Amino acid sequence: MSKGITRYYWWCQIGGWSLVGMSMLFFAHVFEQNVSFVYLGRIITVITAGIISTHLLRAFIKKMNWLLLPIEKILPKLIIAVVITTFVFILFQMSVYQTFNLYENKRKLDFITRMLANVLNIGIFIIPWTLIYYFYHYIDKSRKQQVDTLKMEALVKELELKTIKSHINPHFIFNALNSIRALIDENPGRARTAITELSNILRSSMQAEKLETVSFEKELNIVKDYLALEHIRFEDRLKVEYDIDEDTLDQPVPPMMLQTLVENAIKHGISKQVHGGNVKIISDFKDDYHQLIIQNTGYLNGSLYDDGFGLTSTKNRLQLLFGDRANFDIKEVNSNTVEATVLIPIEHNR
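Attention here is on the structure that accompanies the text. (Residues numbered from 1 in each chain as written. Predicted model: local features only at pLDDT ≥ 70, side-chain atom pairs only at ≥ 80, totals over all residues. Heavy atoms only, no water.)

What follows is about the nonpolar core. Ranked by size, the top nonpolar core spans 43 residues in total, and within it Leu 227, Leu 258, Val 262, Ile 266, Leu 318, Phe 328 and Val 342 carry the most contacts. Setting aside its immediate chain neighbours within four residues, Leu 227 contacts Leu 238, Val 240, Tyr 242, Val 262, Ile 266 and Ile 281. Trp 66, Leu 78, Tyr 133 and Tyr 134 belong to the second largest nonpolar core, which has 32 residues in total. (Core = buried A, V, L, I, M, F, W, Y, C linked by side-chain atoms within 4.5 Å. Buried < 20%, exposed > 50% of the residue type's maximum accessible area, 1.4 Å probe, protein only. Contact = heavy atoms within 4.5 Å.)

Shown next as structure tokens:
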């Protein structure tokens, strides 16, 4: 326990029991009781006994680690502890009273009678002390657990995102390098451009581990580089269309997500068609969402789409970044077109 907390505890102890002593003086004044030196001695004894007995109770609670227990398990233990603490208080009080002759009642009462007569009087002080002490620590522990839980969730989220993004590497690198090698002799200028395009994609892939989101414009430029490289391989078999609302270019999107979906469209759609096909990228606003649509020629062939890492990573990243506010869906819109749709909540008004 830090020095600050210890100091706070002792201020509460001394202040609380001093308040009990002041209440005894108040009631003595109300009932016109003579405040003699004997009565003052009784007040000092009550304050001292209260501090000692409750401090012993606190030490015992900490030693037994009761503060770590749920309330339903600690409640019976606290009841017993309160009873024992009350008797410790009374024994200390009666010993001091007897030693310094602080009894004002001249009637001769036996030891047991005196003890039982004080149980209820003292219990009304010990019970609230115990409840305040326990619930203070219970609330403090709950608050710390909530903070620790939030930190742990944030750490898990960060690790999950890094794990997911670490798998997002372009599958087309080998084909792209082969295509570039073929271009070196045929079209050196285009080969140099292709190398730049491949470099941009790889750089973005590595930067994806450091960023949670990037602007849609930056992501779109990477996709254009990717499609330009794929066009070398597919030539006229690959046709690309863009329908982009320029106002969406500054919207945040997970890095490499669009590239992953377009890559998925090429791998499972265009490459499976003898005559190739079309890829269309649509970006627009729909209600309070940034809507991204990737359409490609092809069919939704069950596990090829449902179990692919690209689609799974997209779903997981959207869930981690935006929770239930984001949505991802993929479906066949007609007999020869597959459509993947991403809805990302808009964080700021346009």
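What the rule picks out here adds up to 4 salt bridges. Here Asp 140 ties to Arg 143 by a salt bridge, and the two come within 2.9 Å at their closest N and O atoms. Taken together, the positions of Asp 140 and Arg 143, both in helix H4 (residues 111–166) and 3 residues apart, correspond to about one turn of that helix. A salt bridge links Glu 197 to Arg 190, with the shortest nitrogen-to-oxygen separation between them at 3.4 Å. Glu 197 sits in the buried class, given a relative accessible area of 10%. Judged by relative accessible area, which is 22%, Arg 190 ranks as partly exposed. Members of the salt-bridge network, linked through shared partners, are Asp 140, Arg 143 and Lys 144. (Salt bridge = Lys/Arg side-chain N within 4 Å of Asp/Glu carboxyl O. Helix = DSSP H or I, 4+ residues; strand = E, 2+ residues; numbered from the N terminus.)

The next thing to look at is the sheet that holds strand S4 (residues 277–286). Pairing is mixed across the open sheet formed by 5 strands, whose spatial order is S2-S4-S5-S7-S6. Lying at the two open borders of the sheet, with one neighbouring strand each, are strand S2 (238–244) and strand S6 (327–334). On average, each strand axis in the sheet is inclined to that of its neighbour by 15°, with strand direction left out of account. In the packing of helix H7 (residues 216–234) onto the sheet, the strands contacted are S2, S4 and strand S5 (289–297), and the crossing angle to S2 comes to about 165°. (Pairing = 2+ DSSP bridges. Axes fitted to C-alpha atoms, helices over the stretch in contact; angles between N-to-C directions.)

The subject of this paragraph is the packing of helix H1 (residues 3–30) against helix H2 (residues 37–63). The description of two packed helices rests on the angle between their axes and on the distance between the axes. Remark: H1 packs on H2, axes separated minimally by 9 Å, with the N-to-C direction vectors making an angle of 150°. You can see that H1 and H2 cross each other, and the crossing is right-handed. Along its contact with H1, which presents Tyr 9, Trp 10, Gln 13, Ile 14, Trp 17, Ser 18, Val 20, Gly 21, Met 24, Leu 25 and Ala 28, the element H2 presents Tyr 39, Leu 40, Ile 43, Val 46, Ile 47, Gly 50, Ile 51, Thr 54, His 55 and Arg 58. Looking at the contact of H1 with H2 residue by residue, the classes come out as 14 nonpolar, 6 polar and 1 charged. (Left-handed = near helix turned anticlockwise from the far one by under 90°. Nonpolar A, V, L, I, M, F, W, Y, C, P; charged D, E, K, R; others polar.)

This part covers the pairing of S6. The sheet contact formed by S6 and strand S7 (residues 337–345) spans 7 bridges and is antiparallel. Bridge assignment links Phe 328 to a residue of S7, and that residue is Val 342. If you look at the hairpin formed by S6 and S7, you'll find 2 residues sitting between the two strands.

Bringing the environment of Tyr 39 into the picture now. For Tyr 39, the location among the structural elements is in helix H2. Tyr 39 gets classed as buried once you look at its relative accessible area, which sits at 8%. Here the alpha-carbon distance between Tyr 39 and Tyr 103, two residues 64 residues apart in the chain, equals 8.8 Å.

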